[in-house]
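Chain residues, written in single-letter form:
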Amino acid sequence: MPWSFRQLLAPLSALLLILSACGDDPECGNGVVEPGEQCDDGNTSDGDTCPANCQPAPVTDGGGPVCGNGRVEGTERCDDGNRTPGDGCENDCTSTPEQQTDSGVTDAGNETDAGADAGNDGDAGVEADAGSDTDAGTVTDAGTDSDAGTVTDAGTGTDSDAGTVTDAGTGSDSDAGTVTDAGTVTDAGSDTDAGTVTDAGTVTDAGTVTDAGTVTDAGSDTDAGSDTDAGTVTDAGTDIDAGSDTDAGSAPDAGTVTDAGSDTDAGSGTDAGTDIDAGPGPDAGTGGTDAGTGTDAGTGTDAGTGTDAGTGTDAGTGGTDAGTGGTDAGTDAGTGIDAGTTQVAMADFGPTGNFARSGYTGRTFPDALRVTLKEPATTDVWVEMASSSQAVVVEGGNLVRVPAGDTSALVIVSADLAADPGVSKAVLTATLGNDSREATVRVIAVDQPVSLSVLTPEAAVVAGGKTHTFTVTLDVPPAVDTDVQLSVQPASLGTTDAKVTVRANTLSAKFDFTAGNEAGQGQLIATLGTQTAVSNVQVTSTGANHVVISELAARGPATGTAGDNDEFVELYNPTATTVDISGWRIQYRSATGAAYNTGFALPAGSSIAPRGYFLVGSGSYAPGTTGAARDANWGTTLTLGAAGGHVRIGPGSLGTTADDAATVDKLGWGTAVGAEGSAFQSTPATTGSFERKANASSTAASMETGSDALKGNGQDTDNNASDFVLRTTRQPQGKASGTEP
């Protein structure tokens, strides 16, 4: 009988109710491992890799340990109650290997230290155990991050089980071991503790709060390491340590027994130093070939670069430069045990205000810029240089070397106006230790035009016949030798060269002006193109302003005693007023004598009119046909030496010492040793005499019969050799002779 719709509705409803009630159960055989299933191979057949109930059967071994029963038995390393791989305990009850990076360069550890490979941060186990950051097991213990049991304390290897053989626990959150297990609900201790203070396993697994090892596990008897310890009996280390006995190394360095530095050396980076080298603190070199050598590896924060290690906080600047910190002079610290300890100081940096020509490299001009030390350098000294503008830079990498044994060094610069447009001057700074000094350098163009700046001195007073030096200065040094024209107005004022040349790369040139014999005023003029510079010059008379010895004869023309004693001394008053010479003394001293005699005192009433004469003679004086009568007679008080001697005049207070300050005038001749200036070494013929010049240009001929014969005798430069001439015929004059000029 055919089914009706109503007849089908009832059984379909019942089926839907059944399916909805069972919808959360896993479906074994659908190829998907669902909650509650241990495997699902897509069928419900027995005898293959997954049984029909999707629950792998326990593995048995003839009464031996059963993997998957939740108990660590026999040779099992773990048993988490299932045979699911990759969950910390594999399906053969061995620990899931840790997948961590081993950064030990050559292998950090050995057979007795950290297994075949324990060179990275998280690996410090042994051959059969790589452990993890929180595992300190040994060959006989695998454990996991949360398990630190021993052979007799297996636990389940999961976070929720920390039992022992005598307290297996169930591995579930609701089971925290038995009375002998003091774990917590989900763990028997924390990451760093497999158990609590009172218990961390069984009697043979004691540990402490931060220790989960045993005698044979996690370090030595007294060392159970810490949460980050994975060493062996001889090595406790830390989380990032897999080095040797006393060596901790660093994160990227695992090393071996002989690597990762030596007993006291850790090194860093790619450098582990040598037995005696690695430096303290953060200093271990910078790789390459530098990490210090021998006994030198820098200190403090100094690693140095290149071949320079330095000391203290002086790290140098590369090459052979040791820097400028503190009071260090920046000596070479790059070899042996020398770390730049020589103390030197800078004395000067200059001169300032020099020039450099754009496009050229060399020393500054007109003066060379130089850095100078206070004392010779015992080793090479490096002085740091800086410039305020790229228009001027110091050659040599802004470093100037003062060689050992020297006290100074030239500063070589390069100039370029295009490097800093609009800037024509730079300030250079020299620094040595804490001492910095500045000097300016002006940059000029290759064809910079020059101008006449000044003629100095701008005013001068020059005595007649004397020479005075003047200087012409330009505004900038010329690129080539430059001539400046010279002239004197009026021409009678004196003489000078027609031109003076300012040499290339210099600022100035000097020349001499010689004053004429006549007093007067005028100008000295320098000309460059259309530009002129002027100096006002006054020429003064060279005449004396006091009574002078104007003519002297030490003997006369006669023969014998009469001629030998025919002597006179003529006095002249070049001033404009009468001079009273009453009581004045005329004294004589032999050519080599030590003192003068007391001399002859002029009689009372003696005086000399302005530009007049006064004649004093011996008792044997003979005026002859050309001589004047004497005004005073010294008799035999004075005897003059014809070959040499000295005569002086002065007031009545004049003493006898050779250097008496009361001396008014003096003449030394022949072999005299104490003349005024230099002695007049020649001596006249018996008919002649010594005569004072009228002016600087006077000659024997002009004084005797020439243009100066009646111009008086006022020339006085305090030098007998240049103030006197020799007359061939004597001409003594006295009060009665009149005045000159």
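Computed from a predicted model, the values in this text were never measured in an experiment.

1. Let's talk about the overall build of the protein
Argument step 1. Per the secondary structure count, the protein includes four helices and 32 strands.
Argument step 2. Relative to its 741 residues, the protein shows a buried fraction of 43%.
Argument step 3. Within the protein, residue pairs in contact and separated by at least 24 positions form 52% of the contacts whose partners lie at least 6 positions apart.
Argument step 4. On the protein, roughly 34500 Å² of surface is accessible, and the fraction owed to carbon and sulfur atoms is 54%.

2. As for the state of the cysteines
Argument step 1. Applying the stated rule across the entire model yields two disulfides.
Argument step 2. Paired by a disulfide, Cys67 and Cys93 hold their sulfur atoms 2.1 Å apart. Between Cys67 and Cys93, the disulfide has an S-S torsion of 100° and is therefore right-handed. You can see Cys67 sitting in the loop between helix 1 (5-21) and strand 1 (346-350) and its partner Cys93 sitting in the loop between helix 1 and strand 1, a full 26 residues away along the chain.
Argument step 3. The disulfide that involves Cys78 links it to Cys89, with 2.0 Å between the sulfurs. Judged by the sign of its S-S torsion, about 95°, the bond between Cys78 and Cys89 is right-handed.

3. Describing the packing of aromatic side chains
Argument step 1. What the rule picks out here adds up to six aromatic pairs.
Argument step 2. Summarising the aromatic geometry, the rings of Tyr572 and Tyr613 are spaced 4.8 Å apart at their centres and angled 40° between planes, so their arrangement reads as tilted. Pair noted here: Tyr572 is in strand 22 (residues 568-572) and Tyr613 is in strand 27 (residues 613-618), with a separation of 41 residues, a long-range link.
Argument step 3. A residue is classified by how much of its surface remains accessible, and Tyr613, at 1% relative accessible area, is buried.
Argument step 4. Where Phe680 meets Phe690, the ring centres are 5.9 Å apart and the plane angle is 80°; that geometry is what we call edge-to-face.

4. So, the sheet that holds strand 19 (residues 520-528)
Argument step 1. Strand order across the open sheet formed by five strands is 13-20-19-15-17, with mixed pairing between neighbours. Looking at which strands have only one partner, the edges of the open sheet turn out to be strand 13 (459-463) and strand 17 (499-502). Taken over all neighbouring pairs, the strand axes of this sheet differ in orientation by 25° on average, direction set aside.
Argument step 2. Two elements, strand 15 (residues 482-489) and strand 19, share five bridges in a ladder whose sense is antiparallel. When the bridges of strand 19 are listed, Ser487 appears paired with Ile525.

5. Re the side chain of Asn573
Argument step 1. Mapped onto the elements of the fold, Asn573 is located in the loop between strand 22 and strand 23 (579-580).
Argument step 2. In this structure the side chain of Asn573 is engaged in a polar contact, spanning 2.6 Å, whose partner is the side chain of Thr575.
Argument step 3. What Asn573 contacts, discounting residues up to four positions off in sequence, is Thr578, Val579, Ile608, Ala609, Pro610, Arg611 and Gly612.

6. Notes on the layout of surface pockets
Vacant regions in the atomic arrangement are exposed by a probe of water-molecule size rolled over the atoms.
Argument step 1. As a volume, the largest pocket reaches approximately 350 Å³.
Argument step 2. Surrounding the largest pocket, 17 residues form its lining, Ser541, Ala694, Asn695, Lys711 and Pro741 being those nearest its centre.
Argument step 3. Tallied by class, residues from the lining of the largest pocket come to five nonpolar, nine polar and three charged.

7. Overview of the sheet that holds strand 6 (residues 392-394)
Argument step 1. On the basis of which strands lie adjacent, the open sheet formed by three strands has the order 3-9-6 and antiparallel pairing. The open sheet is flanked by strand 3 (361-362) and strand 6, the only strands paired with a single partner.
Argument step 2. Of the pairings in the sheet, the one linking strand 3 to strand 9 (residues 413-415) comprises two bridges and is antiparallel in character. Directly across from Gly362, in strand 9, lies its bridge partner Val413.

8. Observations regarding the environment of Ala404
Argument step 1. Looking at the element boundaries, Ala404 is found in the loop between strand 7 (399-402) and strand 8 (408-410).
Argument step 2. Residue Ala404 is classed as partly exposed on the basis of its relative accessible area of 41%.
Argument step 3. Considered as a pair, Ala404 and Ala377 are 27 residues apart in the sequence and their alpha carbons are 4.9 Å apart.
Argument step 4. The contacts of Ala404, once residues within four sequence positions are left out, are Ala377, Thr378, Thr379 and Asp380.

9. Observations concerning the pattern of salt bridges
Side chains bearing opposite charge may pair, as long as their charged atoms lie close to each other.
Argument step 1. Under the definition given, this model contains 11 salt bridges.
Argument step 2. A salt bridge links Arg401 to Asp380; its shortest N-O distance comes to 3.2 Å. Placement of the pair is Arg401 in strand 7 and Asp380 in the loop between strand 4 (370-373) and strand 5 (381-387), with a sequence separation of 21 residues.
Argument step 3. For Arg401, a relative accessible area of 37% puts it in the partly exposed group.
Argument step 4. With a relative accessible area of 25%, Asp380 lands in the partly exposed category.

10. With respect to unusual backbone geometry
Argument step 1. Put simply, Gly350 and Pro351 share a cis peptide bond, and its omega is 5°.
Argument step 2. By secondary structure assignment, the location of Pro351 is in the loop between strand 1 and strand 2 (354-357).
Argument step 3. Across the junction of Phe365 and Pro366, the peptide omega takes the value 5°, indicating a cis bond.
Argument step 4. On the secondary structure map, Pro366 appears in the loop between strand 3 and strand 4.
Argument step 5. Positive phi, close to 60°, is recorded for Cys93, a residue that is not glycine.
Argument step 6. Although it is not a glycine, Asp718 adopts a positive phi angle of roughly 65°.
Argument step 7. In this structure, Asp718 sits in the loop between helix 3 (700-704) and helix 4 (720-723).

11. Looking at the side chain of Glu691
Argument step 1. Its location among the elements puts Glu691 in strand 31 (residues 689-692).
Argument step 2. Among the polar contacts made by the side chain of Glu691, one reaches the side chain of Arg727 at a distance of 2.8 Å.
Argument step 3. Ignoring any residue separated from it by four or fewer positions in sequence, one finds Glu691 in contact with Ser550, Glu551, Met703, Asn713, Asp723, Phe724, Val725 and Arg727.

12. Thoughts on the confidence of the model for the protein
Argument step 1. Summing up the model confidence of the protein, the mean pLDDT is 73 and the portion of residues at 70 or higher is 62%.
Argument step 2. A low-confidence stretch, residues 1-6 stays under pLDDT 50, and its non-local contacts, those more than four residues away or across chains, total three contacts.
Argument step 3. Low confidence marks residues 99-341, where pLDDT is under 50. Its contacts with residues over four positions away, or in another chain, come to 444 contacts.

Rules used throughout
- Residues numbered from 1 in each chain as written.
- Predicted model: local features only at pLDDT ≥ 70, side-chain atom pairs only at ≥ 80, totals over all residues.
- Heavy atoms only, no water.
- Helix = DSSP H or I, 4+ residues; strand = E, 2+ residues; numbered from the N terminus.
- Buried < 20%, exposed > 50% of the residue type's maximum accessible area, 1.4 Å probe, protein only.
- Contact = heavy atoms within 4.5 Å.
- Areas by Shrake-Rupley, 256 points an atom, 1.4 Å probe, with all protein chains shown as cover.
- Disulfide = S-S within 2.5 Å.
- Phe/Tyr/Trp six-rings, centres within 6.5 Å; stacked < 30°, edge-to-face > 60°.
- Pairing = 2+ DSSP bridges.
- Axes fitted to C-alpha atoms, helices over the stretch in contact; angles between N-to-C directions.
- Polar contact = N/O pair within 3.5 Å; in protein donor to acceptor, adjacent residues only side chain to side chain.
- 1 Å grid on protein atoms, 1.4 Å probe; cavity = no way out; pocket = protein on both sides within 12 Å on 5 of 7 lines; lining within 4 Å.
- Points joined across faces, edges and corners; volume = space filled by probe spheres on them.
- Nonpolar A, V, L, I, M, F, W, Y, C, P; charged D, E, K, R; others polar.
- Salt bridge = Lys/Arg side-chain N within 4 Å of Asp/Glu carboxyl O.
- pLDDT = per-residue confidence, 0-100.

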